Amino acid sequence: MQTADQARDRAQEIVARAVKAGADAADAVFHADASTDVSVRLGKLEDVGRSESEALGLRVFVGKRSASASTSDLSSDAMAVLVDRAIAMAREAPEDAWAGLAPEGRLMKGAPPMLDLDDGGDVAPEALRARAMEAEDAARAVPGVTNSEGGSASVGRSVMALATSHGFAGAYTVSSHGVSASVLAGSGGDMQRDYDYHSARHLHRLDAAADIGRRAGERAVARINPGRLASGMMPVVFDPRVGNSLLGHLVGAIAGSSITRKTSFLIDALGTAIFAAGITVRDDPHQPHGLRSHPFDGEGLPVGPVAIVDHGVLQTWLLDSASARQLGLEPTGHAGRGGGGAPGVSTSNLYFEPGIMPVATLIEDIVDGVYVNELIGMGVNGVTGDYSRGASGFRIQNGQITTPVAEFTIAGNLIDMFRQLTPANDLTFRYGINAPTLRVDGMTVASG
């Protein structure tokens, strides 16, 4: 795999070629990765996979017209074809008054922050197999587990580079390690599936494989013989592994494209209270060894920790340069890039700040409610905020989490849900987007 310096040079080279060929401005992203995955099932090796890829994406501007093209062929001839094709496409594209590179004066200068994102990512397939076996063995050892979908372990490294024609060039590498297990419990028509997984930038921060497997097994067994809920209005408590999805809906509503198109249920909410006064939402791209940490955004702007919501009040939209120009604002450092195309908006390590109550205290006054640990479907309207999703989980009775329940729907409106949201104090950073246990009062629950 290319080094960070080699990746940066690749991106700079294609940008220089584009300008020489007649582009008024250009930027390029280079991404390469290499990964190894091992999966086992029922104590036997099932698959070993190795993948390596390299891709280069080029965006060019001819006046107010722009176009993007990408390739995985990095030969000199392919680079020439890529440049010519992108420029020809741009000359035929419609004009866009808002498109363009990020403001030159806002580009990141100097050395990038040291975020400790790469431990080398070197793990032998034999060690991955042992880790996958350990996870599955621990899951199958849980009494009540009757079958397995398998265990897996993986390791990988990636390099990302960005270069622009107006003065930015940067690159960084990341490593990744992961373990997962998925098993079934029960028998006949009442078999229940559940899983657990963990990912980390550094191997020594990865949960023990046996712990991951045990949690997968215990979760599956806990779901056996689910009952039905009575329909009605009640408090809904979201497990952290599904509660983070509420932050995803927030991001979609405050992304620049949603605001410029006027397709957001929060279109008039900037500077107003959208959560209760105790709620703060933070985005921290500088979190050391964070799963979504990065030193610069997809347009070469510096990034840093920001309170998106501070004590309930929405502080900012999430803007790339194009949406910022359209709104007459400054870009916020949230531009994200894939292998090709124009930037979009993305967050980094996004999370709800934890509350002050333990989970037991959060639910102790709930006489009849539901604890949700799985969501199904995507019934969310980003324009109106209407929310309706299938779910399963456990009943809450007289302040205690009791029996499993399934085949029900939870519904509300995100505007009301945000205002009624209360976080517990159990935040842990396990995913790219993290939340503590969350309670939302006054939701509609309908039994299937």
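Before any of the text, the structure's been laid out above.
Worth saying up front: this structure is predicted, and the values here are computed from it rather than measured.

(A) A look at the sheet that holds strand E4 (residues 145-164). Within the open sheet, the 6 strands sit side by side as E3-E2-E1-E4-E5-E6. Their pairing is antiparallel. Two strands close off the open sheet at either side, each with one partner strand: strand E3 (65-71) and strand E6 (192-200). Each strand axis lies, on average, 20 degrees off the axis of its neighbour in the sheet, ignoring direction. Of the strand pairs in this sheet, strand E5 (residues 169-185) and E6 are connected by 9 bridges, and their pairing is antiparallel. Opposite Ala185, over in E6, you have Gln192 as the bridge partner. Running at roughly 55 degrees to E4, helix H1 (residues 4-20) makes contact with strand E1 (25-41), strand E2 (44-62), E4 and E5 of the sheet.

(B) Representation of the side chain of His198 in the model. Tracing the backbone shows His198 in strand E6. A residue is classified by how much of its surface remains accessible, and His198, at 7% relative accessible area, is buried. A polar contact is formed between the side chain of His198 and the backbone nitrogen of Asp207, at a distance of 2.9 Å. Among all residues touching His198, those that are not within four sequence positions of it are His177, Gly178, Val179, Arg205, Leu206, Asp207, Ile212 and Arg430.

(C) Up close: the packing of helix H3 (residues 125-140) against helix H4 (residues 209-222). Where H3 meets H4, the axes come as close as 7 Å, and the angle between the chain directions of the two elements is 35 degrees. For the crossing formed where H3 meets H4, the hand is right-handed. On H4, the residues touching Arg131, Glu134, Ala135, Ala138 and Ala139 of H3 are Ala209, Ala210, Gly213, Arg214 and Gly217. Looking at the contact of H3 with H4 residue by residue, the classes come out as 5 nonpolar, 2 polar and 3 charged.

(D) Quick look at helix H2 (residues 76-92). Between the first and last C-alpha of H2 there are 25 Å, a value that for 17 residues agrees with the 24 Å anticipated at 1.5 Å per step. Of all the positions in H2, only Ala78, Met79, Leu82, Val83, Ala86, Ile87 and Ala90 are classed as buried. One side of H2 holds all its buried residues, which, seen down the axis, span an arc of 160 degrees. Exposed residues lying more than 90 degrees from the buried face of H2 are Asp77 and Glu92. Residues of H2 that are buried in the fold lie against H1, E2 and E3.

What counts as what
- Residues numbered from 1 in each chain as written.
- Predicted model: local features only at pLDDT ≥ 70, side-chain atom pairs only at ≥ 80, totals over all residues.
- Heavy atoms only, no water.
- Pairing = 2+ DSSP bridges.
- Helix = DSSP H or I, 4+ residues; strand = E, 2+ residues; numbered from the N terminus.
- Axes fitted to C-alpha atoms, helices over the stretch in contact; angles between N-to-C directions.
- Contact = heavy atoms within 4.5 Å.
- Buried < 20%, exposed > 50% of the residue type's maximum accessible area, 1.4 Å probe, protein only.
- Polar contact = N/O pair within 3.5 Å; in protein donor to acceptor, adjacent residues only side chain to side chain.
- Left-handed = near helix turned anticlockwise from the far one by under 90°.
- Nonpolar A, V, L, I, M, F, W, Y, C, P; charged D, E, K, R; others polar.
- Expected span 1.5 Å × (residues − 1).
- Arc of directions from axis to C-beta.

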